[in-house]
Amino acid sequence: ANVTMTKGVAILNGTDYWEFKFTLGLTASQSGLIQFKMNDWIDASGLRISINTSSANYTSLRSELSPLSNTTFNVSSTYRDTTTGINKSTTTLTDFYLKMIIPADAKVSNSWSTSYNFLFRATP
């Protein structure tokens, strides 16, 4: 696995975003579902950016560079269910793109961090 920041600067306007590229490789020849969960962003002073609220989903994951891809789902802090994710059937390296829209009311900080997890759920 590898992660790189592809877009790390955003204007605080509620539509601009950060973007990260995750490159994952599976060694087993097994079809299944890639699932992803992530915590809210937090900085060193305790400021928080929610990844989603009751009225907005700020974070999404897709498996292709094109944002028009139909392999996109909204990220939450839990694995939503056993069917929400991106199908994966080969052992080659695959790129996934995490897009985090920065809410207009977010505070400026140079210490934002979060934690995330990928899960491969094999299909029988």
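Residues numbered from 1 in each chain as written. Predicted model: local features only at pLDDT ≥ 70, side-chain atom pairs only at ≥ 80, totals over all residues. Heavy atoms only, no water.

### Quick notes on the overall build of the chain
Here is step 1 of the chain: On a plain count of helices and strands, the chain comes out with zero helices and 10 strands.
Here is step 2 of the chain: In sequence order, the secondary structure elements of the chain are arranged as β-β-β-β-β-β-β-β-β-β.
Here is step 3 of the chain: Radius of gyration (C-alpha) of the chain: 15 Å, near the 14 Å computed for a compact globule of 124 residues.
Here is step 4 of the chain: Structurally, the chain occupies a C-alpha span of about 45 × 30 × 25 Å along its principal axes.
Here is step 5 of the chain: Split into buried and exposed, the 124 residues of the chain put 31% on the buried side.
Here is step 6 of the chain: Within the chain, contacts between residues at least 6 apart in sequence are counted, and of these 71% link residues at least 24 apart. (Helix = DSSP H or I, 4+ residues; strand = E, 2+ residues; numbered from the N terminus. Rg over C-alpha atoms; globule rule 2.2 N^0.38 Å. Buried < 20%, exposed > 50% of the residue type's maximum accessible area, 1.4 Å probe, protein only. Contact = heavy atoms within 4.5 Å.)

### Digging into the confidence of the model for the chain
Interpretation of this model should avoid reading the predicted coordinates in detail wherever pLDDT is low.
Here is step 1 of the chain: Predicted confidence across the chain gives a mean pLDDT of 89, with 95% of residues reaching 70 or more.
Here is step 2 of the chain: The element-level mean pLDDT for the chain is lowest in strand 8 (residues 86-88), coming to 86, with strand 4 (residues 41-42) highest at 97. (pLDDT = per-residue confidence, 0-100.)

### As for the environment of R121
Here is step 1 of the chain: The residue R121 is located in strand 10 (residues 116-122) in this model.
Here is step 2 of the chain: Residues within four places of R121 in sequence aside, it is in contact with G32, L33, Q35, D81 and T82.
Here is step 3 of the chain: Here the side chain of R121 touches Q35 through a polar contact of 2.9 Å, side chain to side chain. (Polar contact = N/O pair within 3.5 Å; in protein donor to acceptor, adjacent residues only side chain to side chain.)

### Digging into the side chain of E19
Here is step 1 of the chain: Locating E19 in the fold gives a position in strand 2 (residues 17-24).
Here is step 2 of the chain: E19 gets classed as buried once you look at its relative accessible area, which sits at 10%.
Here is step 3 of the chain: Not counting chain neighbours up to four residues away, the residues in contact with E19 comprise T4, M5, T6, K7, R62, Y97 and L98.

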